[in-house]
Amino acid sequence: MKEIIDIVAAYEKALKEQKKTALATVVLVEGSAYRKAGARMLITEDGQLTGAISGGCLEGDALRKARMVIMQQEPLLVTYDTMDDDDAKLGVGLGCNGIIHILIEPINDKQTNPITLLKAAIASNGYSVLITAFSIEDRKRSQPGSCLYLGNDQIISNGLDGLPYKNELLEDAKNVLDNQSSAITSYRGYTVFVECVKPLISLVVLGAGNDAIPLIRIAAVLGWNTTIVDGRPNYATAERFPSVKKLLIAKPDKVLDSLEISEWTAFVLMTHNYNYEIAFLKELLPLHPSYIGILGPKKKLERLLDELGENGTVITERNLETIHGPVGLDIGSETSEEIALSIIAEIKAVFSKRNGRSLKYKTTVIHSV
C-alpha cells in the first residue's frame, strides 16, 4: 500500500508540473523474480521514477519503453525472460530465473485512469480489489489494462463496460475480496490479474519514552499509520515524534475511546509502567486485537495475566495466541534501535502469516500471486 500512496503523491506532483506520466505494473510472474505481481512504478516523461518493478535492473529499460507509451498514448505489454542465462540478450543483469510480464499504461488525466483506481484503494478502510487485464497471446491486441476497482461497496470502472466478460470479472473480483487473496484468471484470449490490496498496518505504541522513538521512525519508513499514547504530556509531543500520525495523552481506561481498531491494528506496550499497562490490557483484551506486543521479560507478562485473571478478566486462547511477550523476533537485539527492528519485523511477519525464519530455509517460492 505504501508504494501505491507514494505513486499517487508523485502523480499529483507531476500533474501540477504538467508532466506526462505512465504507470508500469508487474501483472504476471512465471518462476522467480525480485518483485511479485502488483509491484508498480510511476514514470514521468523527464525520467523520474516512483516505486519499483524490480531490484533496479528493469527500470532503465522500462523507462525507455514508458517514454514511447507516453508519446503514442497506447498501453504496452513488455516481457522479460530471465530463464536464459545470457543476460546480455536483454541488456539487463537480472540474476533471477523467471519470466516477468509488465504492463505500461499512459495516464490520461482528463478521464478515469489507473491512478483513479489507486486513489480509491487508498481511500478504502479495508481490503479492496484492483483488476488489470492484458493479452499475452496477441501483444498487438488492445490491452485493457487497469479496468476495475472494487471495495467499500463501490465499483469504479475504467473501460470495463466495453469488455465482453464484464460480469465474469465482477464475480471474480467479489471472490477475491471475500477470500482476501489475489488470483490470475483467463477470459477469451485475455489474462487478468485480480489483485487483493491489503490495508496499511496501524501501529499503536503505548509509551512515549526514548525507546519508542526508533520504533515509530521505522514504522513511518514503512508507511504504517502510527499512534503514540502516554499519560505524560511532556513525553508525548510532536517534537519528539514528528512522523507520528496521532498523539494521545490519556488515562488507560480512556485510550480506546479515541482509537479506530481493525484487524490490521497492532499494539505495543512499552510504557515501563506496570499499573498503566495492566489497566489498559483490561480494556483491550475483550476486543481481541490481532497483535499485542509487551516489552519486558516473560515473568512480567505472566504476572500481568495472572493478576488480570484473578481480578475477573477472561483471558481466552485467542488472546494468548495474539499476545507476544517478550515482544520481537530473536535477532540478538541490545540497543533501542535493534529492539525496534525486531518488533517491527515480528509485527510484519504476524500480519503476513509468516514465521520470521531465514529465507535460506524456505523450500517454496518467496512470492505467491
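Residues numbered from 1 in each chain as written. Predicted model: local features only at pLDDT ≥ 70, side-chain atom pairs only at ≥ 80, totals over all residues. Heavy atoms only, no water.

**Overview of the side chain of aspartate 211**
Residue position: aspartate 211 is located in the loop between β11 (202-206) and α5 (212-221). Among buried charged residues, aspartate 211 stands out as having no salt bridge; its nearest opposite-charge side chain is arginine 240, 7.1 Å away. Reaching out from aspartate 211, the side chain makes a polar contact with the side chain of histidine 272 at a distance of 2.8 Å. Filtering out sequence-adjacent residues up to four positions away, aspartate 211 remains in contact with Met270, His272, Leu295 and Ser336. (Helix = DSSP H or I, 4+ residues; strand = E, 2+ residues; numbered from the N terminus. Buried < 20%, exposed > 50% of the residue type's maximum accessible area, 1.4 Å probe, protein only. Lys, Arg positive; Asp, Glu negative; His and termini not counted. Salt bridge = Lys/Arg side-chain N within 4 Å of Asp/Glu carboxyl O. Polar contact = N/O pair within 3.5 Å; in protein donor to acceptor, adjacent residues only side chain to side chain. Contact = heavy atoms within 4.5 Å.)

**Re the pattern of salt bridges**
With the rule as written, the count across this model stands at twelve salt bridges. A salt bridge links lysine 65 to aspartate 61, with the nearest nitrogen and oxygen atoms 2.7 Å apart. Here aspartate 61 and lysine 65 lie together in helix α2 (residues 59-72), a separation of four residues that amounts to about one turn. A residue is classified by how much of its surface remains accessible, and lysine 65, at 25% relative accessible area, is partly exposed. Residue aspartate 61 is classed as buried on the basis of its relative accessible area, which comes to 10%. The salt bridge involving arginine 232 is made with aspartate 230; its shortest N-O contact spans 2.9 Å. Here the residues in one salt-bridge network are Lys13, Glu17, Lys19 and Asp46, joined through shared partners.

**As for helix α7 (residues 298-310)**
Over its 13 residues, α7 extends 18 Å from the first C-alpha to the last, a length consistent with the 18 Å expected when each residue adds 1.5 Å. Within the sequence span of α7, burial applies to Lys300, Leu301, Leu304, Leu305 and Leu308. Each buried residue of α7 sits inside an arc of 130° when the element is viewed along its axis, so together they form one side. The outward face of α7, more than 90 degrees from its buried face, is lined by the exposed residues Lys299, Arg303 and Glu310. (Expected span 1.5 Å × (residues − 1). Arc of directions from axis to C-beta.)

**Concerning the UniProt feature "domain: XdhC Rossmann" (unreviewed entry) in the protein**
Per the UniProt record, "domain: XdhC Rossmann" (unreviewed entry) is found at residues 203-347. Measuring from the first to the last C-alpha atom of residues 203-347 gives 9 Å, for a span that is 36% helix and 17% strand. (UniProt positions renumbered as here; feature names shortened; annotations may be inferred.)

**Topic: a positive patch on the surface**
Judged by side-chain charge, Lys36, Lys198, Lys348, Lys353, Arg354 and Lys362 come together as a positively charged surface patch. For arginine 354, the position within the fold is in the segment after α9 (336-351). For arginine 354, a relative accessible area of 42% translates into the label partly exposed. (Patch = residues over 30% accessible without salt bridge, like charges linked within 9 Å, V, L, I, M, F, W, Y side chains within 5 Å. Areas by Shrake-Rupley, 256 points an atom, 1.4 Å probe, with all protein chains shown as cover. Charge placed at Lys NZ, Arg CZ, Asp CG, Glu CD.)

**Concerning the packing of helix α6 (residues 274-284) against α7**
Where α6 contacts α7, the two axes come as close as 10 Å, and the packing angle between them is 50°. Judged by the angle between their axes, α6 and α7 are oblique. Like other packed secondary-structure pairs, α6 and α7 cross with a definite hand, here right-handed. Touching Tyr274, Glu277, Ile278, Leu281 and Lys282 of α6 are Lys300, Arg303, Leu304, Glu307 and Leu308, all from α7. (Axes fitted to C-alpha atoms, helices over the stretch in contact; angles between N-to-C directions. Parallel < 35°, antiparallel > 145°, perpendicular 65-115°, else oblique. Left-handed = near helix turned anticlockwise from the far one by under 90°.)

**Considering the packing of aromatic side chains**
Per the counting criterion, the structure on display carries three aromatic pairs. Residues phenylalanine 267 and phenylalanine 280 carry aromatic rings whose centres are separated by 5.9 Å and whose planes lie at 50° to one another, so their mutual orientation is tilted. Of this pair, phenylalanine 267 sits in strand β14 (residues 265-269) while phenylalanine 280 sits in helix α6, and the two are 13 residues apart along the sequence. Phenylalanine 280 matches phenylalanine 267 in its accessibility class, with the two residues each being buried. Three or more aromatic residues link up through ring pairs in this structure, and these residues are Tyr127, Trp264 and Phe351. Here the basic side chain of arginine 303 rests over the ring of tyrosine 274, its NZ or CZ set 4.0 Å away from the ring centre. (Phe/Tyr/Trp six-rings, centres within 6.5 Å; stacked < 30°, edge-to-face > 60°. Lys NZ or Arg CZ within 6 Å of the ring centre and 35° of its normal.)

**Side note on the sheet that holds β14**
To summarise the sheet geometry, strands pair through backbone hydrogen bonds and adopt either a parallel or an antiparallel arrangement. The strand order β13-β12-β11-β14-β15-β16 describes an open sheet built from six strands, whose pairing is parallel. At either margin of the open sheet sits one strand with a lone partner, and together these are β13 (246-249) and β16 (323-324). Note: strand β15 (residues 291-294) against β16, two bridges, orientation parallel. Within the sheet, the bridge partner assigned to glycine 293 lies in β16 and is histidine 324. Along the sheet, α6 contacts β11, β12 (225-230), β14 and β15; its crossing angle with β14, the most-contacted strand, is approximately 155°. (Pairing = 2+ DSSP bridges.)

**Points about the nonpolar core**
Looking at soluble globular proteins, one finds that nonpolar side chains tend to be buried together. One finds Ile131, Leu169, Leu203, Leu215, Ile228 and Ile347 to be the most contacted residues of the largest nonpolar core, which totals 45 residues. For this core, the secondary structure elements donating two or more residues are β6 (128-134), β7 (145-151), α4 (166-179), β10 (190-197), β11, α5, β14 and α9. In this structure, leucine 215 is in contact with Leu203, Val205, Val268, Met270, Ala340, Ile343 and Ile344, ignoring residues within four places of it in sequence. One finds Leu206, Ala250, Tyr274 and Ile294 within the second-largest nonpolar core, a separate group that totals 24 residues. (Core = buried A, V, L, I, M, F, W, Y, C linked by side-chain atoms within 4.5 Å.)

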